[in-house]
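The primary structure of each chain is shown beneath.
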Amino acid sequence: MLFPYFSTQKFANLADFKSEYENKRNYGYFIDDEDLINVIANMSKKENLSREALLKLLIDERSQKELLTNIIAKMPGHIYWLNNRYVYMGCNDIQAKDLGLSSPNEILGKTIFDLLPETEAKKHNNINKLVIEKCKVYRGEEKASMYNGFRTYMSHKLPLTNSAGKNVGLLGISVDITDRKKKEELKKELEVQKELYNTARWVSHDIAQPVNVLKGYLDLNKSLKEEEKRIFGEVARSIENIVDRLLQKYRGRNVS
């Protein structure tokens, strides 16, 4: 329980209590069952309030919350929601697990700065501010240091509004695309390697011809001095070594 709000308030009647209850829920406050139970215990002492009505309200709210929680908990992807004070109000099982939490309940009351390194948290928080304060929808990639390593997500964040149309928070749905990104990056790297290898083969072919001509010239030309032949021979071998190293660099890298 974050704070015992309802059990510390004085309500003249059930209507006032329901009005404040709906107002707090619509504005993203965390409503705790224990707090409501305390309200029932205190308010039921007044003759003008109905204990049965309050219990029914609690049971209905709890049943709906449990059903919704169970549905969200098992959904694929990462689902989470914040109030307009940037405090997490809930998440599903996979989001909690990847954050290193034992259950979704552990995220309640935390901010992004409690869960990620400060540099990463600032980037995420700036996006959350855009959604909550400017009422903008965000779609794009986000990166985060999670419990299972550094991950890349495709995130869809949208503002949450109450019945009056006022923005009261943020709903986020993120899909882990880390493995897909790695495959895409590997594919691009292999394509570059293949292009470099083909270029190296083309360059080596163009260089090989004049080198062969030079070597043939050295063999046939009897007027060259031995020192001149040695120098030209070293030049030819140096060029051949450069070409061989160029080809060797990309040979055997699955670029064919």
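Residues numbered from 1 in each chain as written. Predicted model: local features only at pLDDT ≥ 70, side-chain atom pairs only at ≥ 80, totals over all residues. Heavy atoms only, no water.

Which residues make up the pattern of salt bridges, and what values do they have?
Following the criterion strictly, the structure yields five salt bridges and no others. Residue glutamate 118 is joined to lysine 122 by a salt bridge in which the shortest nitrogen-to-oxygen separation is 3.6 Å. Of this pair, glutamate 118 and lysine 122 both sit in helix H5 (residues 118-133), four residues apart, which is roughly one turn of that helix. Arginine 180 is the partner of glutamate 184 in a salt bridge, and the nearest nitrogen-oxygen pair spans 3.6 Å. Here the residue glutamate 184 and the residue arginine 180 both occupy positions in helix H6 (residues 178-220), the gap between them amounting to four residues, near one helical turn. According to the relative accessible area criterion, glutamate 184 is partly exposed, its value standing at 34%. (Salt bridge = Lys/Arg side-chain N within 4 Å of Asp/Glu carboxyl O. Helix = DSSP H or I, 4+ residues; strand = E, 2+ residues; numbered from the N terminus. Buried < 20%, exposed > 50% of the residue type's maximum accessible area, 1.4 Å probe, protein only.)

Pulling in residues and values, what's your account of the sheet that holds strand E1 (residues 78-83)?
Pairing is antiparallel in the open sheet, where five strands are placed in the order E2-E1-E5-E4-E3. Single-partner strands in this sheet number two, and they are strand E2 (88-91) and strand E3 (138-146). When strand polarity is set aside, the average angle formed by the axes of neighbouring strands in this sheet is 30 degrees. By the bridge criterion, nine bridges tie strand E4 (residues 149-161) to strand E5 (residues 167-176) in an arrangement that is antiparallel. Each bridged residue has a counterpart across the sheet, and for lysine 157 the counterpart in E5 is glycine 172. Relative to the sheet, H5 contacts E1, E3, E4 and E5, its axis offset from that of E3 by approximately 150 degrees. (Pairing = 2+ DSSP bridges. Axes fitted to C-alpha atoms, helices over the stretch in contact; angles between N-to-C directions. Contact = heavy atoms within 4.5 Å.)

Lay out the pairing of E3 with the relevant residues and their values.
Looking at chain direction, E3 and E4 are connected through nine bridges and run antiparallel. Pairing of glutamate 141 across the sheet is with methionine 154, part of E4. In sequence, E3 turns back onto E4 through a hairpin of two residues.

Explain empty space enclosed by the protein residue by residue, including any values.
Leftover empty space is mapped by rolling, across the atoms, a probe with the size of a water molecule. In this structure the tally under the stated criterion is two cavities of 30 Å³ or more. Considering only enclosed or pocket space, the largest cavity measures out at about 190 Å³ in volume. Looking at the largest cavity, it is lined by 19 residues, and the ones nearest its centre are Tyr80, Tyr88, Gln95, Ile112 and His124. Looking at the lining of the largest cavity, the elements with two or more residues in it are E1, H5, E3, E4 and E5. Of the residues in the lining of the largest cavity, the class split is 11 nonpolar, six polar and two charged. (1 Å grid on protein atoms, 1.4 Å probe; cavity = no way out; pocket = protein on both sides within 12 Å on 5 of 7 lines; lining within 4 Å. Points joined across faces, edges and corners; volume = space filled by probe spheres on them. Nonpolar A, V, L, I, M, F, W, Y, C, P; charged D, E, K, R; others polar.)

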